[in-house]
Every structure is written in structure tokens, then in C-alpha cells.
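Inside the fold
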Amino acid sequence: MRRLPPLTAIEAFVQVARTGSVKAAAQELALSAPALSRRIQALERFIGKPLFERRHQAVALNSDGERLLQQIAPVLDRLTDAVEYMTSGVEVLRLRLGVLPLFASQRIFPHLADLRSRYPQIHLDIDTAGHNMARVGDGLDAAIALAREPDPSLYARRLDTNNVYVIGARTMLEGPDPVTRPEQIEKLTALIHRDMPDTFSAWRHAAGLDELEPLAIDHFDSGALMLEAAAQGLGIAFMHESHFDEAHDPRLVKLFDIEVASPYSYWFVCRPRAMQLRQVKWFHDWLVEVLEA
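The following paragraphs examine the structure supplied in this document. (Residues numbered from 1 in each chain as written. Predicted model: local features only at pLDDT ≥ 70, side-chain atom pairs only at ≥ 80, totals over all residues. Heavy atoms only, no water.)

**Looking at helix 3 (residues 33-47)**
The α-helix winds at 3.6 residues per turn, so residues separated by three or four positions along the chain end up facing the same way. Applied cut-off: Only runs of H or I of at least four residues qualify as helices and only runs of E of at least two qualify as strands under DSSP, and these elements are numbered from the N terminus. Expected helix span is taken as 1.5 Å per residue step, with the number of steps being one fewer than the number of residues. Here's how the labels work: a residue is buried when its accessible area is under 20% of the maximum for its type, exposed when over 50%, partly exposed in between, all with a 1.4 Å probe on protein chains only.
With 15 residues, helix 3 extends 21 Å from end C-alpha to end C-alpha; this agrees with the ideal 21 Å at 1.5 Å per step. Residues A35, L36, I40, L43 and E44 constitute the buried set of helix 3. With its phi angle positive at about 90°, G48 sits one or two positions after the end of helix 3.

**Here's the deal with the environment of R135**
Test applied: The contact rule is simple, with two residues in contact once any of their heavy atoms fall within 4.5 Å. The term polar contact refers here to a pair of N or O atoms within 3.5 Å; inside protein, the definition further demands a hydrogen-donor-capable atom paired with an acceptor-capable atom, and it admits residues adjacent in sequence only when both atoms are side-chain atoms.
Along the chain, R135 turns up in the loop between strand 4 (122-127) and strand 5 (142-147). Since its relative accessible area comes to 22%, R135 is described here as partly exposed. Taking the C-alpha atoms as reference points, R135 and C270, 135 residues apart in sequence, are found 9.7 Å from one another. With residues near it in sequence (within four places) discarded, R135 still touches D127, A129, G130 and L140. Within the structure, the side chain of R135 is placed 2.9 Å from the side chain of D127, a separation counted as a polar contact.

**A look at the packing of helix 2 (residues 22-29) against helix 3**
Where we set the bar: Here, axes are lines fitted to C-alpha atoms. For helices the fit covers the stretch in contact, and angles between N-to-C directions go from 0 to 180 degrees. Any angle that falls under 35 degrees is termed roughly parallel, while one over 145 is termed roughly antiparallel, one within 65 to 115 roughly perpendicular, and all others oblique.
Running from N to C, helix 2 and helix 3 cross one another at 100°; their axes reach a closest spacing of 9 Å. Taken together, the axes of helix 2 and helix 3 lie roughly perpendicular to each other. Between helix 2 and helix 3, the residues in contact are V22, A25, A26 and L29 and A33, L36 and S37, respectively.

**Some details on the sheet that holds strand 5**
The criterion, for reference: Two strands form a pair only when DSSP identifies at least two bridges running between them.
Spatial strand order, 4-3-5-12-6: five strands in an open sheet with mixed pairing. Here the strands that pair on one side only, and so sit at the sheet edges, are strand 4 and strand 6 (155-158). The average angle at which neighbouring strand axes cross in this sheet is 25°, direction not considered. Direction of pairing for strand 5 relative to strand 12 (residues 265-270): antiparallel, over a ladder of six bridges. Residue pairing across strands places A147 opposite S265, the latter belonging to strand 12. Lying over the sheet, helix 5 (residues 101-108) contacts strand 3 (93-99), strand 5 and strand 12, oriented at roughly 120° with respect to strand 3. Sitting on the sheet, helix 10 (residues 278-292) touches strand 3, strand 4, strand 5, strand 6 and strand 12, and the angle it makes with strand 3 is about 50°.

**Quick notes on the environment of K187**
Position of K187 relative to the elements: it lies in the loop between strand 7 (164-169) and strand 8 (189-193). Linking K187 and A216, residues 29 residues apart in sequence, is a C-alpha distance of 8.6 Å.

**A few points about unusual backbone geometry**
Even without being glycine, A30 reaches a positive phi, approximately 60°. For A30, the position within the fold is in the loop between helix 2 and helix 3. Relative accessible area serves as the criterion here: at 69%, A30 is assigned to the exposed category.

**What about the layout of surface pockets?**
Defined as follows: Whether a set of points on the 1 Å grid over the protein atoms alone is a cavity depends on a 1.4 Å probe fitting there but being unable to get out, while an open set qualifies as a pocket with protein on both sides within 12 Å along at least five of seven lines; lining residues are those with an atom within 4 Å of a point. Grid points are joined across faces, edges and corners, and a volume is the space filled by probe spheres set on the points. All residues other than Ala, Val, Leu, Ile, Met, Phe, Trp, Tyr, Cys, Pro, Asp, Glu, Lys and Arg, Gly among them, are scored as polar; the first ten of these are nonpolar and the last four charged.
Quantified by volume, the largest pocket comes out at close to 580 Å³. Contributing to the lining of the largest pocket are 29 residues, with V14, R18, D77, D138 and G139 lying nearest its centre. When contributions to the lining of the largest pocket are tallied by element, the ones reaching two or more residues are helix 1 (7-19), helix 2 and helix 4 (63-88). In the lining of the largest pocket, the residues fall into eleven nonpolar, seven polar and eleven charged.

**Structural notes on a nonpolar patch on the surface**
As a reminder of what qualifies: Each patch groups residues whose relative accessible area exceeds 30% and which form no salt bridge, using 9 Å between like charges and 5 Å between nonpolar side chains of Val, Leu, Ile, Met, Phe, Trp and Tyr. Surface accessibility follows the Shrake-Rupley procedure with a 1.4 Å probe radius. Residue values consider only the protein chains on display as shielding. The salt bridge definition used is simple: a Lys or Arg side-chain nitrogen within 4 Å of an Asp or Glu carboxyl oxygen.
A surface patch of nonpolar side chains, amounting to about 250 Å² of accessible area, comprises L7, L79 and V83. In this fold, L7 is placed in helix 1. Look at L7 and you get partly exposed, because its relative accessible area is 47%.

**Comments concerning empty space enclosed by the protein**
Taken as a whole and assessed by the stated rule, the structure comprises one cavity of 30 Å³ or more. For the largest cavity, the calculated volume is near 70 Å³. Here the residues of the lining of the largest cavity are counted per class, giving seven nonpolar, four polar and one charged.

**Examining the packing of aromatic side chains**
Here is the rule we go by: Aromatic rings from Phe, Tyr and Trp, taking only the six-membered ring of Trp, are treated as a pair when their centres fall within 6.5 Å; an angle between ring planes under 30 degrees marks them as stacked, one over 60 as edge-to-face, and anything in between as tilted.
Taken as a whole and judged by the stated rule, the model has nine aromatic pairs. Residues F103 and Y266 carry aromatic rings whose centres are separated by 4.5 Å and whose planes lie at 50° to one another, so their mutual orientation is tilted. Of this pair, F103 sits in helix 5 while Y266 sits in strand 12, and the two are 163 residues apart along the sequence. Here F103 matches Y266 in class, with each residue buried. A ring pair is formed by W203 and F256, whose centres lie 5.9 Å apart and whose planes are at 40°; its orientation type is tilted. Here W203 is found in helix 7 (residues 199-206), whereas its partner F256 is found in the loop between strand 11 (252-255) and strand 12, with 53 residues between them in sequence. Here W203 and F256 have matching classes, each one buried.

**Overview of the side chain of R96**
Note that R96 resides in strand 3. For R96, a relative accessible area of 9% corresponds to the buried category. For R96, the residues in contact, after removing those within four places along its chain, are D77, R78, T80, D81, D125, G139, L140, D141 and A142.

Given below as C-alpha cells:
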């Protein structure tokens, strides 16, 4: 067997690569920063080339580091799963899933009991951080991404098509000056999700109001908080029809009777080879069945 570098050095490398910080990685591994740095240096000496670009407050992978991470990070995750199985005595198929919180709460969690009943071996590690498509294969087995188009290098299954709704507080339809005309947006704040930056411009163009500008635009990275802000009358949210329907919030209403196809869809994405993993294939098939039902 060919000689391998110490596992502790590989673990340190992966943790630093994922966090982008020696300090943060050291805290995760319960090491001092100098001790962790020595492990990284040992791996670089073993390989014979640097793996990071050192910066003042952070480190970033260089091209060699990127290639190494893509190859060994999934293997390290599988090794962790194997050890978990051997120590617990119970088969655990762990699925590391990246998903936005609103999709998870509205369209996955209400059905998780069914998933557990069908596949008791599957255990989910949920990651709600942004840019999850870019992290597939690096800490994530799969992701449910909100995007115009998926990365062409990934396996991708479109999970929905949607319309853009203008969502506001029910109180906006009451009083002496109810919001019934799109031109009134000029006096309102638009609420836009950072993963859906073109929802307002797409809606505006479809409505034939290309020159229309809101009073201001506030950006969010949480769909749930956008809905709450809209319900409290803090602005009007440009979101998906499904977001509105699944919220079941009597404080919210759809404003304006204008149908606009969204440029964004939810996609299930993973590395093509990940579909060979039982937990990924089972979860994928189950999710598609649930959403189509």
C-alpha cells in the first residue's frame, strides 16, 4: 500500500479549506492555531507543494488545494460515516443537505415523518447557509438550490416552476388609499431576496412598467423574514406563489392581478456520482414524489 499522510493532517486541511480561517478551524478541532498550522504544513511537505494562499486575516485555497479538496473531502465524510456506523452498531446513512430555510420549513419538514418511516437509516445534516450549489461535493452531498439554471457540471432536477407574486399586508387594501394600482409601488419599499435579485425587474417588465421604481429596495437572505416584514407592513415582497400559498398567513395578500413567470426555480443538485449513494438517491426520489403529489 502506498504511504498516506496522517489523517489528522488531512482533517485539518479540510476544516481550514471549509472555514477559510485557521482560527475557526482550530476551534472546531479543539486545537491551538499553531498546532493546526503545523498539521497543514506537514501535509504540504508530504505533497511537496503549498495548498493555500496566506493572507493577513484568512487563508484561501490555491488551485492545487482546490483539486485536492474536491478529491478527499467526500472521502473524509464517508470515513466519518463508516466510523459512526461501527461505533453505534446501527446503520446510518447520513445525508448532508444544503437547503434554504423557507423551502425546508414549508416543503420538506411537514413530510419528514414519512421519510423517516420509509428510510429509517437516513439522517439529515441540514445546512442553511447561502451559495449551497457552489458547496456541493465540498461538505454537502446534495443541495436544493434556488437559481435560474444549475451548474452544468452537476446532476440537476427541477423541482418546480413558479410565478412572482407581489405580497403585502392585508391592511394595504384597507383605508382611504388602498394599494390597488402598480404605480403605487413608487411610494413603497420593495423586499427582495438576495438569491432572487431579478424578481422585481422581471415582474416590472412583464407588467409593462419598465420605468417604475420603488421608494427603496431592502434585501434579505431569509424568505421567512421577508414574509414577516411584509405582514407587518414594512414593504412589499417579490416572492414566489408557493411562498405565499404555503405560508397560510391571513395577514398577507397578493397585490395586483398580474401573472408573471419567475426566472427562478428550485433545483435538486448533486455531483453525478453522488446519485450512486443510497441516501442521495432515496431522498431525491422521495422528494420528487412528495412535491409532485
